[in-house]
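Structural description and commentary
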Amino acid sequence: MEQQIFDKLLLKTAFSCMACDGDIDKREIVLIKTMHQNKKIFGNIDIDFELDNLLLQINRDGHQFLKSFFSELTASSLSEQNEMKLIEVAIETIKADEKIEYSEVKFFKVIRSNLKIKNDVILALHPDFEEYLEQDIISESYTRRLQDDFFDTKTLKEFQLISSINFDLLKSNEIFTENN
């Protein structure tokens, strides 16, 4: 897979994990922007533009956006290294707001069901990811039901444009105590 296409898929993964619980927490935004600034994990993109673009797409039709993400992930041919990177970014994004909802774990399990990497490989590097890897996806029909159940039980609201949020203010602890 071309690196630029993977970088955008990785960002879409982080964004989808951030929004899948119906709430975009400022700590999730800080994590994504910090990963990009410090590690260039999403390549050479305009992070604010890309995040706002994803936000506009999810605001138009959240369920369709996430279904499209799953389809894109399923169609992607990823190396084991890229699958591991995707898993790490997904889980770190889910953990960023310090509250893990079952809908987020369920969402991750749908992501995981579309990857080929073995659990042993993941657990060797990240033994703390075990709860995300517990087997409950048994068949393709179960995966579809799990995905359908996610969409039946989760309503996504319209989110504020990320570029309109002051990133420096997000990084300060004051905003977390004032708004969360």
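Our subject is the structure listed above.
Residues numbered from 1 in each chain as written. Predicted model: local features only at pLDDT ≥ 70, side-chain atom pairs only at ≥ 80, totals over all residues. Heavy atoms only, no water.

Things to note about the packing of helix H3 (residues 47-60) against helix H4 (residues 62-75)
Taken N-terminus to C-terminus, the directions of H3 and H4 make an angle of 120°; their axes are 5 Å apart at the nearest point. Taken together, the axis directions place H3 and H4 in an arrangement best described as oblique. Where H3 abuts H4, its residues Leu 54, Gln 57, Ile 58 and Arg 60 lie against Gly 62, Phe 65 and Leu 66. (Axes fitted to C-alpha atoms, helices over the stretch in contact; angles between N-to-C directions. Helix = DSSP H or I, 4+ residues; strand = E, 2+ residues; numbered from the N terminus. Parallel < 35°, antiparallel > 145°, perpendicular 65-115°, else oblique. Contact = heavy atoms within 4.5 Å.)

As for the packing of aromatic side chains
Under the counting rule described, the total for this entry stands at five aromatic pairs. Centroid distance Phe 69 to Phe 107: 6.2 Å. Interplanar angle 15°. Geometry classified as stacked. Here Phe 107 lies in helix H6 (residues 102-113) and Phe 69 lies in helix H4, a separation of 38 residues in the sequence. Residue classification places Phe 69 among the buried residues on the basis of a relative accessible area of 0%. Phe 107 sits in the buried class, given a relative accessible area of 0%. Ring centres 6.3 Å apart and planes at 70° place the aromatic pair Phe 70 and Phe 151 in the edge-to-face group. Of this pair, Phe 70 sits in helix H4 while Phe 151 sits in helix H9 (residues 140-153), and the two are 81 residues apart along the sequence. By relative accessible area, which is 5% here, Phe 151 ends up buried. Feature note: the residues Phe 69, Phe 70, Phe 107 and Phe 151 constitute an aromatic cluster, connected by ring pairs. (Phe/Tyr/Trp six-rings, centres within 6.5 Å; stacked < 30°, edge-to-face > 60°. Buried < 20%, exposed > 50% of the residue type's maximum accessible area, 1.4 Å probe, protein only.)

In short, shape yes, function no, at least from these values alone.
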